[in-house]
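# Structure at a glance
What follows is each chain in one-letter form.
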Amino acid sequence: MQAPAVAPREVAPREPATLRRMPSSPPVPEALRRIGWRDDPEILSALAAAPAGTLARVVEQHRSGYVVATAEDEARRAQPPAEWLRPRWDPEDRAAVGDWVVLDRNDQILALLPRHSLLKRGAAGEHYRQQLIAANVDVVLVVCGLDHDFNPRRLERYLVLVQGSGAQPVLVLTKHDL
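Definitions and cut-offs
Residues numbered from 1 in each chain as written. Predicted model: local features only at pLDDT ≥ 70, side-chain atom pairs only at ≥ 80, totals over all residues. Heavy atoms only, no water. 1 Å grid on protein atoms, 1.4 Å probe; cavity = no way out; pocket = protein on both sides within 12 Å on 5 of 7 lines; lining within 4 Å. Points joined across faces, edges and corners; volume = space filled by probe spheres on them. Nonpolar A, V, L, I, M, F, W, Y, C, P; charged D, E, K, R; others polar. Buried < 20%, exposed > 50% of the residue type's maximum accessible area, 1.4 Å probe, protein only. Helix = DSSP H or I, 4+ residues; strand = E, 2+ residues; numbered from the N terminus. Pairing = 2+ DSSP bridges. Salt bridge = Lys/Arg side-chain N within 4 Å of Asp/Glu carboxyl O. Axes fitted to C-alpha atoms, helices over the stretch in contact; angles between N-to-C directions. Contact = heavy atoms within 4.5 Å.

Its boundaries defined by the atoms lining it, the largest pocket holds a volume of some 440 Å³. Residue lining of the largest pocket: 16 residues in total, with Gln61, His62, Arg63, Pro91 and Arg94 positioned closest to the centre. Across the lining of the largest pocket, the residue classes tally to seven nonpolar, six polar and three charged.

Spelled out as structure tokens, the structure:
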């Protein structure tokens, strides 16, 4: 005799506005997945250890603050911690475009989550400083025209820069018909 089949219970998904500090990995809203969240074990453990707050992705960086997204069409200003504004603070310890951060109720950045890639270059005019371009990027398109400005050595420098970041470079050649 077969046991009767039991239909699974359907529970409506809930997307919490804030994430609570929990010993296990907290649930991540689908809205964040649409703007690039991925379940990396290192990031999830850092998130579990971070203070309670709202998870957001940095979409713009300005001299005195950031614009962060908590969903596809939802962006707001966020303020960095005071120590990030100090001149001698290492730029790699500050948020860059693409980073995931935890915000408090006043949109102050509480924590910067670990990165899986970081695209950076030497700062103009500085021999020892790095300029962050973007973080947590999976693929970088390197676009180069086949016109009179084609330079194989420049192309090689760009490919080395991208490979060193942890992202996958894709070479796009244009203007073949000129």
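Next comes the rest of the account.
To continue, consider the pairing of strand β2 (residues 66-71). In terms of burial, β2 is largely enclosed, as six of its six residues are buried. The sheet contact formed by strand β1 (residues 54-61) and β2 spans four bridges and is antiparallel. Following the sheet pairing, arginine 57 is matched in β2 by alanine 69. What sits between β1 and β2 in their antiparallel hairpin is a turn of four residues.

Working definition: two side chains of opposite charge can pair if their charged atoms are close together. This model, assessed by the stated rule, comprises eight salt bridges. One salt bridge in this structure joins aspartate 147 and lysine 175, with 3.3 Å as the shortest N-O distance. Placement of aspartate 147 in the loop between β8 (139-145) and α3 (152-165) and of lysine 175 in the segment after β9 (168-174) is noted, with a sequence separation of 28 residues between them. In this structure aspartate 147 comes out as partly exposed when scored by relative accessible area, which is 26%.

It is worth spelling out the sheet that holds strand β3 (residues 74-78) at this point. On the basis of which strands lie adjacent, the open sheet formed by five strands has the order β3-β2-β1-β4-β5 and antiparallel pairing. On the outer flanks of this sheet lie β3 and β5 (109-112), each paired with one strand and no other. Going from strand to strand, the sheet's axes swing by 45 degrees on average, the running direction of each strand aside.

Right, let's get into the environment of valine 59. With respect to the secondary-structure elements, valine 59 resides in strand β1. Note on valine 59: relative accessible area 40%, which makes it partly exposed. Along the primary structure valine 59 and aspartate 99 are separated by 40 residues, whereas in three dimensions their C-alpha atoms are 8.2 Å apart. For valine 59, the residues in contact, after removing those within four places along its chain, are Val67, Val68, Ala69 and Val97.

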